[in-house]
Amino acid sequence: MNSNNLQEETREFQAEVKQMLDIVINSLYTNREIFLRELISNASDALEKLRYLKITNKEILDRDLPLEISINTDDIAHTLTIQDTGIGMTREELVENLGTIAHSGSKAFIKQLTENDRKDVELIGQFGVGFYSAFMVADKVTVYTRSCLPEAQGYIWSSEGTGSYTIKEALDLKRGTKIVLHLKNDAQEFAKPETIKRIIKQYSGFVQFPILVNGEKANTVQPLWTKNKNEVSDEEYNEFYKYIANVYDEPLFRLHFSADAPLSINALLFVPKENLERFGFGQLDPGVNLYCRKVLIQQQAEGILPKWLRFVKGVVDSEELPLNISRETMQDNMLVSKLRRVLTSRFLKFLNEQSRTETEKYNDFWKKFGIFIKEGLATDFEHKEELLKLLRFESSKTEPGKLISLKEYLDRKTTGQKAIYFLNGPNREVIEASPYLEIFRKKDLEVLYTFDAVDDYVLNQLGEYEGNKFVSADQENLELPDDGGHTPAADGLAEADVNALADWLKQQLGEKVTDVKASKRLTDSPAIVLNPGYMTNSMQRMMQLINKELDYPVPKVLEINTTHPIIKRLDILRKNNDPFAKVAAEQIYDNALIAAGLNFDPKGMVNRLNQILERALQ
Ligand code: ADP
Ligand code: MG
């Protein structure tokens, strides 16, 4: 052996690490005991990796060492030691892992800590810098580590957290990592076994390896998900959820189930209380960890649930999966697809059951997570039928805030009704004030209200539900159930006048309209714009949001209410060749666009409105 290697080398920490350490060392915390959770979680990660290597039959050092975490307190030497028999670290890994910060996310976290309230330091583990929390309680940290690679050497890493660390080779180390904390004067409580046991119970109760405190076992390792449902208390479930989801509150829903066929599965799934994507956190990572016979194969495994179920947290354990499955091969593995299908169906069935037994809770779920169900409908045909059952809507026949399913809608539809009607708008008030509902009120037809911009796309793509077409109430050709035929109102314009007026309007409005017709659907409004083809007003709004060049909506059909005084007087002006008729016609069209909630460039309108006012004030 080269004796040079035994010499100690001093190295500087990367600048970000120095910053991190400065915060950790110099701040006062109420909750610094979380350092132990971080070190135990690192030990557990290292053991999980080792267990995986062992099963996949790689050559490893000290193969027969038991997989466990030993914690020893010494209140004479004032030290706390945390040792694991996990994968350990090579020299390069030591330098990389305990001397630098790779993640850009953690750099942002440090910046935030430096600038704002330092109490957020509790979140340290979520940002991939948990190790440094050791310096909250220790003024010197020594790490003894030896990698599990067959030829690996051992090393000692040591630092007082002030700018630099030392590394030297060590002889006679066993596989794994031992971290010795030289406790600060004001941190002597962490040299007491009672304190350590209490903290383990609070934060690390679900670690899947024995944790020994001064030789005594301090946790129960039986994986919760393999237990019988009636052997697990609500409290244990909730604690487990907090542990795996790294949160402090309780879940909204929990599903614990086992299956033997077609695959043997133990799964424990949770729905959180909040959807973080709603608050602009960006797209969530998958939240389910994949195990095979209690061995962690992948944390936050992709492909175990469809992407649109990324808000679900939990654990899935299946005996059939090959242990050596990698992230790359997950996607096209047949067993994984099968597992995903079974899990997804079971989870959707569970949600459907909850909607019946826990309606209020389900509606709360719908408000926060409904967008994921819609994403599923738009992207996943495999589960269409199950997802359709989960859709909820307010409607013209519900109280504000109350929700119905498509089934409830169909159960009370009017005789002869063949379609499911819907109308999009930013909120209930706007929808109810629009002219589109007039005919539906008159015929006592229920209309679903869609408040999300994506709704119209989803419903359009679905096309129909149980043989009933989805039809937007702003479409031109509504085939409404017959109410004995339309009889032209006695007080309306004569048919010849209607035709002449429609032709004239078409000329005046030019490219803005595709057609002008007498309306059979209006009672109170003078005119309405309708969409030919599949487009809805909501899609139109989206188009204009994306393409700012479109300063006018695509041409619409204008329907006029031939019994309305405005339309009747317009016809008189037209017959008299009054130039004001054109002004009025244009304003009637723009008013109909406004009533539809559509955007257009109002440049010309102000002039026109002034002209109209001038005349009105004469
Ligand atoms: P994170 O655990 O989120 O990656 P940490 O700051 O807690 O961030 O740890 C940094 C890295 O140091 C870990 O990713 C791991 O590679 C390494 N490490 C820390 N503790 C151990 C340990 N006990 N055994 C092996 N590697 C470890
Ligand atoms: Mg960590």
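Structure's up top.
Let us look at the structure shown here. Residue positions are given per chain, counted from 1 along the sequence in the order it is written. Ligands are numbered from 1 and chains lettered from A, in the order in which they are written. Selection of residues for local features in this predicted model requires a pLDDT of at least 70, selection of side-chain atom pairs for listing and counting requires 80 or more, and totals for whole chains, interfaces and linings are taken over all residues. Heavy atoms from the whole structure form the basis of all side-chain values; hydrogens and water molecules are not counted.

## Describing the packing of aromatic side chains
Here is step 1 of the chain: Two rings from Phe, Tyr or Trp (for Trp, the six-membered ring) form a pair when their centres are within 6.5 Å of each other. A pair whose planes differ by under 30 degrees is stacked, one over 60 is edge-to-face, and the rest are tilted. Enumeration over the complete set of coordinates arrives at 24 aromatic pairs.
Here is step 2 of the chain: Consider the rings of Phe 13 and Tyr 165, whose centres lie 4.9 Å apart with planes at 45°: the pair is tilted. Of the two residues, Phe 13 is situated in the loop between strand S1 (9-12) and helix H1 (15-26) and Tyr 165 in strand S6 (residues 164-170); the sequence distance between them amounts to 152 residues.
Here is step 3 of the chain: Every member of this aromatic cluster is reached through a ring pair, and the members are Phe 253, Phe 311, Phe 347, Phe 350, Tyr 362, Phe 365, Phe 369 and Phe 372.
Here is step 4 of the chain: When the NZ atom of lysine or the CZ atom of arginine is within 6 Å of a ring's centre and also within 35 degrees of its normal, the charge is said to sit over that ring. Stacked on the ring of Tyr 144, the Lys or Arg Lys 178 has its end atom at 4.8 Å from the ring centre.
Here is step 5 of the chain: Above the ring of Phe 257, the side-chain terminus of Arg 346 is found at 5.3 Å from the ring centroid. Helix and strand definitions follow DSSP, with helices as H or I runs of at least four residues and strands as E runs of at least two, each counted in order from the N terminus.

## A few points about the nonpolar core
Within soluble globular proteins, side chains that are nonpolar tend to cluster in buried spots.
Here is step 1 of the chain: For our purposes a nonpolar core is just a set of buried Ala, Val, Leu, Ile, Met, Phe, Trp, Tyr and Cys residues, chained together by side-chain atoms within 4.5 Å. Note on exposure labels: buried denotes an accessible area under 20% of the residue type's maximum, exposed denotes more than 50%, and partly exposed covers the range between, all computed with a 1.4 Å probe on protein chains only. Residues Ile 304, Phe 311, Val 316, Phe 347, Leu 351, Phe 365 and Leu 558 are the most contacted members of the largest nonpolar core, which totals 105 residues.
Here is step 2 of the chain: The greatest single-element share of this core, amounting to nine residues, is contributed by helix H18 (residues 580-595).
Here is step 3 of the chain: What makes two residues a contact is simply this: any of their non-hydrogen atoms within 4.5 Å. With sequence-adjacent residues up to four places away left out, Ile 304 is seen in contact with Val 288, Leu 290, Val 316, Met 330, Val 336, Leu 339, Arg 340 and Leu 343.

## A short note on the sheet that holds strand S9 (residues 216-217)
Here is step 1 of the chain: Here, strands pair whenever DSSP counts at least two bridges between them. In spatial order, the strands read S1-S6-S5-S4-S7-S3-S2-S8-S9; together these nine strands make up an open sheet with mixed pairing. This sheet does not close on itself; its edge strands, each paired only once, are S1 and S9.
Here is step 2 of the chain: When strand S4 (residues 138-146) meets strand S7 (residues 176-183), the two strands line up antiparallel, connected through eight bridges. Paired with Arg 146 across the bridge in S7 is Gly 176.

## Regarding the state of the cysteines
Here is step 1 of the chain: Note on terminology: pairs of cysteine sulfur atoms within 2.5 Å are recorded as disulfides. Summed over the entire model, instances satisfying the criterion amount to zero disulfides.
Here is step 2 of the chain: Cysteine Cys 148 remains unbridged, with the sulfur of Cys 292 as its closest cysteine sulfur at 20 Å.

## Overview of the site of ligand 1
Here is step 1 of the chain: Whether a residue is near a molecule or strand depends on its heavy atoms: it is near if one of them lies within 4 Å of it. Asn 42, Ala 46, Asp 84, Gly 88, Met 89, Asn 97, Leu 98, Gly 128, Val 129, Gly 130, Phe 131 and Thr 177 make up every residue found near ligand 1.
Here is step 2 of the chain: What qualifies as a polar contact is a pair of N or O atoms within 3.5 Å, subject to a donor-acceptor requirement within protein and to the restriction that residues adjacent in sequence count only when both atoms come from side chains. Residue Asn 97 places a side-chain N or O atom 3.0 Å away from an oxygen atom belonging to ligand 1.
Here is step 3 of the chain: Measuring from a nitrogen atom of ligand 1, one finds a side-chain N or O atom of Thr 177 at 3.3 Å.
Here is step 4 of the chain: Throughout, the Shrake-Rupley method with a 1.4 Å probe supplies accessible areas, and for residues the shown protein chains are the sole cover considered. Contact with the protein chains removes 79% of the 530 Å² of surface that ligand 1 exposes when unbound.
Here is step 5 of the chain: For this classification, Asp, Glu, Lys and Arg are treated as charged, while Ala, Val, Leu, Ile, Met, Phe, Trp, Tyr, Cys and Pro are nonpolar and the rest, including Gly, are polar. Taken together, the residues of the shell around ligand 1 sort by class into five nonpolar, six polar and one charged.

## Topic: the pattern of salt bridges
Side chains that differ in sign of charge can pair as their charged atoms come close.
Here is step 1 of the chain: What counts as a salt bridge is simple: a side-chain nitrogen of Lys or Arg found within 4 Å of a carboxyl oxygen of Asp or Glu. By the definition in use, this model includes 36 salt bridges.
Here is step 2 of the chain: One salt bridge connects Arg 51 with Glu 48, and the closest N-O pair in it is separated by 3.1 Å. Linking Arg 51 with Glu 48, this pair stays in helix H2 (residues 34-55), spanning three residues, or about one helical turn.
Here is step 3 of the chain: According to the relative accessible area criterion, Glu 48 is buried, its value standing at 7%.
Here is step 4 of the chain: Residue Glu 277 pairs with Arg 310 through a salt bridge whose shortest N-O separation is 2.7 Å. Here Glu 277, found in the loop between strand S11 (265-271) and strand S12 (287-292), pairs with Arg 310, found in the loop between strand S13 (295-298) and strand S14 (313-318); they are 33 residues apart in sequence, far enough to count as distant.
Here is step 5 of the chain: Bridged by salt links that share partners, the residues Glu 274, Arg 278, Asp 364 and Lys 368 form one connected network.

## Observations concerning the environment of Phe 580
Here is step 1 of the chain: Looking at the element boundaries, Phe 580 is found in helix H18.
Here is step 2 of the chain: By relative accessible area, which is 16% here, Phe 580 ends up buried.
Here is step 3 of the chain: When the C-alpha atoms of Phe 580 and Arg 615 are compared, they prove to be 9.2 Å apart, with 35 residues separating the residues in sequence.

## Observations regarding unusual backbone geometry
Here is step 1 of the chain: The peptide bond linking Ala 261 to Pro 262 adopts the cis configuration, its omega dihedral lying at 0°.
Here is step 2 of the chain: Position of Pro 262 relative to the elements: it lies in the loop between strand S10 (253-259) and S11.
Here is step 3 of the chain: Of note in the backbone geometry, Asp 444 takes a positive phi value of approximately 55° without being a glycine.
Here is step 4 of the chain: Counting through the fold element by element, Asp 444 comes out in the loop between helix H13 (438-442) and strand S17 (447-450).

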